[in-house]
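A look at the structure
Chain by chain, the residues run as shown.
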Amino acid sequence: MTVLALDFETANERRDSACAVGLAWIADGRVVRRESHLIRPPEMRFAPGNIRVHGILPADVADKPDFAAVMAPYLGDLARGLILAHNASFDIGVLRAGLTRAGLPVPDLAYLCTVQVSRRVFPAPEGCGLGKVARRLGIRFEHHDAGEDAYACAEIALAAMRERAVADVHALAAALGLPVTRAAGGPAVPRRAPGAISGRALAAFPEEPAALRFAMRGSTGNRYHVSLEERPGGPELRCTCTAGRYGMRCRHVKALEVGDITDLLSDNAGDVVLLARMLGAKTRVAGAA
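Treat the numbers as computed from the prediction; the structure is a model and nothing was measured.

Now for unusual backbone geometry. The phi dihedral of Asn87 falls on the positive side, at around 70 degrees, and the residue is not glycine. Secondary-structure assignment places Asn87 in the loop between strand E4 (82-85) and helix H5 (88-101). Here Ala165, not a glycine, exhibits a phi torsion of approximately 55 degrees, which is positive. Relative to the helices and strands, Ala165 resides in the loop between helix H8 (146-163) and helix H9 (169-176). A residue is classified by how much of its surface remains accessible, and Ala165, at 70% relative accessible area, is exposed.

Looking now at the confidence of the model for the chain. On average, residues of the chain score 86 in pLDDT, and 85% of them are at 70 or above. Between residues 192-210, whose pLDDT stays under 50, and residues either more than four places distant or in other chains, the model counts 20 contacts.

Turning to the pattern of salt bridges, a few remarks are in order. Counting across every chain of the model gives twelve salt bridges. For the salt bridge of Arg33 with Glu35, the shortest nitrogen-to-oxygen distance reads 3.5 Å. Take Arg33: its relative accessible area is 37%, and that puts it in the partly exposed class.

This part covers H5. The terminal C-alpha atoms of H5, which comprises 14 residues, lie 20 Å apart, in line with the 20 Å expected from a rise of 1.5 Å per residue. All of the buried residues in H5 are Ala88, Phe90, Asp91, Ile92, Val94, Leu95, Gly98 and Leu99. Each element contacted by the buried residues of H5 is listed here: strand E1 (3-10), strand E2 (18-27), helix H3 (67-71), helix H4 (75-80), E4 and strand E5 (109-113). Looking one or two residues beyond H5, the residue adopting positive phi is Gly103, at roughly 80 degrees.

The subject of this paragraph is the layout of surface pockets. The calculated volume of the second largest pocket comes to roughly 290 Å³. What lines the second largest pocket is a set of 17 residues, among which Asp7, Phe8, Glu9, Phe90 and His144 lie closest to the centre. Contributions of two or more residues to the lining of the second largest pocket are made by E1, helix H1 (48-54), H5 and helix H7 (130-137). At four residues, E1 tops the list of elements feeding residues into the lining of the second largest pocket.

Scoring rules and cut-offs
Residues numbered from 1 in each chain as written. Predicted model: local features only at pLDDT ≥ 70, side-chain atom pairs only at ≥ 80, totals over all residues. Heavy atoms only, no water. Helix = DSSP H or I, 4+ residues; strand = E, 2+ residues; numbered from the N terminus. Buried < 20%, exposed > 50% of the residue type's maximum accessible area, 1.4 Å probe, protein only. pLDDT = per-residue confidence, 0-100. Contact = heavy atoms within 4.5 Å. Salt bridge = Lys/Arg side-chain N within 4 Å of Asp/Glu carboxyl O. Expected span 1.5 Å × (residues − 1). 1 Å grid on protein atoms, 1.4 Å probe; cavity = no way out; pocket = protein on both sides within 12 Å on 5 of 7 lines; lining within 4 Å. Points joined across faces, edges and corners; volume = space filled by probe spheres on them.

Structure (structure tokens):
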């Protein structure tokens, strides 16, 4: 049976916002293959806290494939194999949510959490976070890089196998009294057309575009204001920064257009998401005309 470690990084608090994935395959007592990919999430909304963790910015993934395209080559191994993940409920949740959001069927999955393995084989008062366990075992890797995290997860499982003198991950689970978790899959869920805005979302959007105003942090810490103004060619974002005053699409405007709230200072992140969807929908309508 295929055994592979899996790790995701997400753009925000939603499980269907994967922006990177890492995988590492185990065979014959060693890591035999590694893969790592950036992913363009369905909504380009990156929470500052997530960026601080993994360092991935909207610009890094703007031209990358979406979740379905990135994961397609690996779904066979994930469905037929045993998945290892450190804090598996998170990564399996991201996998299932990403497939559902993409309108793809979710396969039956079998997985084992290496946090639970570590607590039984490598316990320590400081805890069993990925970085802490890897440091105790001398595993060198770049934490919060999805590919590196998957590799570290796989190496932790291999170290546990050696410590308990077992031949494979299934035998390790049995020796530790950790049953492999099995999650039932489900059929594909019809996918909403990209950029489509629900009636509820449209109803929540201000009737007057000029009512939308956002405070943004400049590169030197200055505070600028971006407003949605009605122009002859349609609604347009204008910024009070120097570039904006000269009629240019500054970085603050470009960020809001894709739903990036990294430098948002005002407390209206929900309006940013709706704004990005509305502008995207208007652009597609104009292009089809």
